[in-house]
Amino acid sequence: MDFSIWFLLGAILVFFMQGGFAMVETGLTRAKNAGNIIMKNLMDFCIGTVVFVLLGYGLLAGDHVFFGLIGKPDLRVFTDFLGWAETDGSNFFFMLVFAATAATIVSGAMAERTKFVSYCIYSGVISLFVYPIEAGWVWGSGGWLANLGYVDFAGSSVIHMVGGLTSLIGAAILGPRIGKYIKDKKTGKTTARAIPGHSITLAALGAFILWFCWYGFNGAAAGNIEQLGAILVNTTIAPAVATVATMLFTWIKNGKPDVSMCLNGSLAGLVAITAGCANVDALGALIIGLVAGILVVVAVEVIDIKVKVDDPVGAIAVHGANGLWGTIAVGLLANPNVPGQDAGTTSGVAGLFYGGGGHQIGIQAIGVLAILAWTAVVMTIVFLIIKKTVGLRVKPEEEIAGLDGPEHGLSSAYGGFVFAPEELLPEGITVPLINAVPIDSAIPVTNTARPGAKLTKVTIITNQSKFAVLQSALDTLGITGMTVTNVLGYGMQKGHTEVYRGVPVETKLLPKIQLDIVISAIPTDTFVETVKKALYTGNVGDGKIFIYDVEDVVKVRTGESGFDALQDDDVN
């Protein structure tokens, strides 16, 4: 096998991770922000490419490294492209796709309330400056952590921990989404409110894409077939064990296995094994995955409920907490007898539990602290500057309406679909009406109602599955006009108690249909009896019928009112 070709194929798989991240983030956030999420994930790579080719790559892999800290940039890519391509082309592309991954992690944690222009700025800074410097320490030819013996084979700390910490800082400075935290007026305590994403299907698709691409993420730098085989095995065991651990943990804790958290569990296992994928054995991968699967649940709930930092997708827990754990785990579980980079050799790196004492874990701790400090200082400064200049956060009314419209002029990422309102406006916030028609433009109406005509409005709320039966029954009565609406609601039973990502969902709104019909010629008793027979099963949720007196009805086209307005007529 030509491993120079595999190196590039693996990097191409890493590029496709952008699609996986886009789907996970879109699915775990609300539909009104889907276009914004897609746009950010697209621009991560595009902006990252521009700044990385201009400066970032030179800082990471420049020929001259000052004190093992920073490379000396050059512009050979523009002045000597042929020579540069022979020596640096493959490595540039490989490092570029990793840089884009570090930047895109932050998108999900700060989703649904961040200005797009601000996101473009700090995403560019990550690829321009933050990632190149610390990646050069670990993966550069003269990097000081590389010379120290620090091990992060594919980026648990270099990529994921950096993205997770940046997410924590950014989300904390940005503040939570409107309605995420509610203060109890009686107790004065602030509690977290679950805001479920709009599509578990999309999130699952994204998780599967990421898992598939992770084989390139971890395996691209393998030096031989034996090492590649070991890496791919570890990259399968850890996320599988992590997902099972997450499923069992949430099942025991909440009474049901949590779907979205299990998706995060898979990603947590992948993140955690990334540092040591070439240095641990199958048992080590199993242990790393087991811890990751439980850690991601605990971290999500601590960050969300205790620390009260709003992270819609769990990026801080998945990438930050598990990137840290995976890097430290190398110092504990590295097996010196796993296949090495050169054929016929072994890695030689021994963790605490494999006879290495505290040496490797000490090096891992130094590297982690250095990377965390670098990231924290630079990104805190960047976020504060953005906040004081162009601003980090959109206006409240824009956040409530969704970012697709205000930020991108997109009415909806789901053309042809209508979504029910997701929340009431908080007190003091209003959204102006768009294209409102002045009242003096209305059509004047002439009342021609038949004297004594009785008008009755009947509203029926029932299960969506009953519509076909109900429509057939109403057809037998000669009902030709009705308004049908998909609604959410609950009766006295208040739905079912559920938990979303460790946070109780206060009330589960159940999907129903609402039919509004105004009748005049049909006796109300006959109408009600027909509906009852159609809907009755004897079970909770058969529905309710509401009956109202109607003062008048006006047909807009003709100006007829009352009984006349409800009658069918031929329109030529």
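In this text, all values refer to a predicted model and were calculated from it rather than measured experimentally.

## Notes on the overall build of the protein chain
Counting its secondary structure elements, the protein chain contains 17 helices and ten strands. Counting over 572 residues, the protein chain shows a buried share of 49%. If you take every contact in the protein chain between residues at least 6 apart in sequence, the share linking residues at least 24 apart comes to 76%. Accessible surface for the protein chain amounts to roughly 26,400 Å². Of this, 65% is attributable to carbon and sulfur atoms.

## Remarks on the sheet that holds strand β10 (residues 544–549)
The four strands lie next to each other as β6-β9-β5-β10, forming an open sheet whose pairing is antiparallel. For this open sheet the edge positions go to β6 (483–489) and β10, each flanked by a neighbour on one side alone. Neighbouring strand axes in the sheet, compared pairwise and without regard to direction, differ in orientation by 25 degrees on average. Pairing of β6 with strand β9 (residues 510–519), which is carried by seven bridges, proceeds in the antiparallel orientation. Looking at β9, one finds that Thr483 is bridged to Asp516. Those strands touched by helix α16 (residues 467–477) are β5 (456–463), β6 and β9, and its axis lies near 10 degrees from that of β9. Contacts from helix α17 (residues 524–535) reach β5, β9 and β10 within the one sheet, and its direction differs from that of β5 by about 5 degrees.

## What to know about helix α7 (residues 156–174)
Compared with the 27 Å implied by 1.5 Å per residue over 19 residues, the 25 Å span of α7 between its first and last C-alpha is a close match. At the exit of α7 stands Gly175, carrying a positive phi of roughly 95 degrees.

## As for the confidence of the model for the protein chain
For the protein chain, per-residue confidence averages 87 on the pLDDT scale, and 88% of positions sit at 70 or higher. In the predicted structure, residues 423–449 sits below a pLDDT of 50 and forms 28 contacts with residues beyond four places in sequence or in another chain.

## Details of the pattern of salt bridges
Tallying each qualifying case throughout the model produces eleven salt bridges. Arg30 is paired through a salt bridge with Glu112; the nearest N and O atoms lie 3.2 Å apart. Placement of Arg30 in the loop between α1 (3–27) and α2 (34–61) and of Glu112 in the loop between α4 (81–109) and α5 (116–139) is noted, with a sequence separation of 82 residues between them. In this pair, the class of Arg30 matches that of Glu112, namely buried.

## Quick notes on the environment of Ala146
Note that Ala146 resides in helix α6 (residues 144–148). With relative accessibility at 31%, the residue Ala146 sits in the partly exposed group. For Ala146 and Gly136, which are ten residues apart along the polypeptide, the C-alpha to C-alpha distance reads 8.7 Å. With residues up to four places along the chain from it excluded, the contact list for Ala146 reads Trp137, Val138 and Gly140.

## Topic: the nonpolar core
Grouped together as the largest cluster of nonpolar side chains are 109 residues, with contacts concentrated most on Phe52, Tyr122 and Tyr131. In terms of residue count, the dominant contributor to this core is α4 (14 residues). With residues up to four places along the chain from it excluded, the contact list for Tyr122 reads Val106, Met110, Thr114, Met379, Val382, Phe383, Ile386 and Leu392. Residues Leu474, Ile513, Leu515 and Ile519 belong to the second largest nonpolar core, which totals 15 residues.

## Description of unusual backbone geometry
Non-glycine residue Glu112 carries a positive phi angle of around 80 degrees. Residue Glu112 is classed as buried on the basis of its relative accessible area, which comes to 1%. Its identity is not glycine, yet Lys308 carries a phi of approximately 60 degrees, on the positive side.

## Side note on the packing of aromatic side chains
Summed over the entire model, instances satisfying the criterion amount to 18 aromatic pairs. A ring pair is formed by Tyr57 and Trp84, whose centres lie 6.4 Å apart and whose planes are at 85 degrees; its orientation type is edge-to-face. Pair noted here: Tyr57 is in helix α2 and Trp84 is in helix α4, with a separation of 27 residues, a long-range link. Judged by relative accessible area, Tyr57 falls into the buried class, the value being 7%. Given a relative accessible area of 8%, Trp84 falls into the buried group.

## Some thoughts on the side chain of Asn33
One can find Asn33 in the loop between α1 and α2. Setting aside residues up to four positions removed in sequence, Asn33 forms contacts with Glu112, Gly402, Leu403 and Asp404.

## Focus on the side chain of Thr166
Looking at the secondary structure, you find Thr166 in helix α7. A relative accessible area of 1% places Thr166 in the buried class. There is a polar contact of 2.8 Å between the side chain of Thr166 and the backbone oxygen of Val162. Once residues within four sequence positions are removed from consideration, Thr166 is found in contact with Val106, Ile126, Thr375, Met379 and Phe383.

## Describing the environment of Gly478
Looking at where Gly478 falls in the secondary structure, it is placed in the loop between α16 and β6. The exposure class assigned to Gly478 is partly exposed, which follows from its relative accessible area of 47%. In this structure the C-alpha to C-alpha distance between Gly478 and Ile522, which are 44 residues apart in sequence, comes to 8.8 Å.

## Here we look at a nonpolar patch on the surface
On the surface, Leu283, Leu286, Ile287, Leu290, Val291, Ile294, Val298, Val302 and Val307 cluster together to form a nonpolar patch covering roughly 660 Å² of accessible area. Of note, Val307 is situated in the loop between α11 (282–306) and α12 (315–333).

## Focus: the environment of Gly358
One can find Gly358 in the loop between α12 and α13 (359–388). According to the relative accessible area criterion, Gly358 is partly exposed, its value standing at 48%. Between the C-alpha atoms of Gly358 and Gly331, which are 27 residues apart in sequence, the distance is 7.6 Å.

## Overview of the packing of α12 against α13
It is at 7 Å that the axes of α12 and α13 come closest, and there the two elements cross at 155 degrees. Considering the angle they form, α12 stands roughly antiparallel to α13. The chirality of how α12 crosses α13 is right-handed. Residues Leu324, Thr327, Ile328, Val330, Gly331 and Leu332 of α12 form the contact with α13, whose own contacting residues are Gln360, Ile361, Gln364, Ala365 and Val368. For the contact of α12 with α13, the residue count by class is seven nonpolar, four polar and no charged.

Cut-offs and rules
Residues numbered from 1 in each chain as written. Predicted model: local features only at pLDDT ≥ 70, side-chain atom pairs only at ≥ 80, totals over all residues. Heavy atoms only, no water. Helix = DSSP H or I, 4+ residues; strand = E, 2+ residues; numbered from the N terminus. Buried < 20%, exposed > 50% of the residue type's maximum accessible area, 1.4 Å probe, protein only. Contact = heavy atoms within 4.5 Å. Areas by Shrake-Rupley, 256 points an atom, 1.4 Å probe, with all protein chains shown as cover. Pairing = 2+ DSSP bridges. Axes fitted to C-alpha atoms, helices over the stretch in contact; angles between N-to-C directions. Expected span 1.5 Å × (residues − 1). pLDDT = per-residue confidence, 0-100. Salt bridge = Lys/Arg side-chain N within 4 Å of Asp/Glu carboxyl O. Core = buried A, V, L, I, M, F, W, Y, C linked by side-chain atoms within 4.5 Å. Phe/Tyr/Trp six-rings, centres within 6.5 Å; stacked < 30°, edge-to-face > 60°. Polar contact = N/O pair within 3.5 Å; in protein donor to acceptor, adjacent residues only side chain to side chain. Patch = residues over 30% accessible without salt bridge, like charges linked within 9 Å, V, L, I, M, F, W, Y side chains within 5 Å. Parallel < 35°, antiparallel > 145°, perpendicular 65-115°, else oblique. Left-handed = near helix turned anticlockwise from the far one by under 90°. Nonpolar A, V, L, I, M, F, W, Y, C, P; charged D, E, K, R; others polar.

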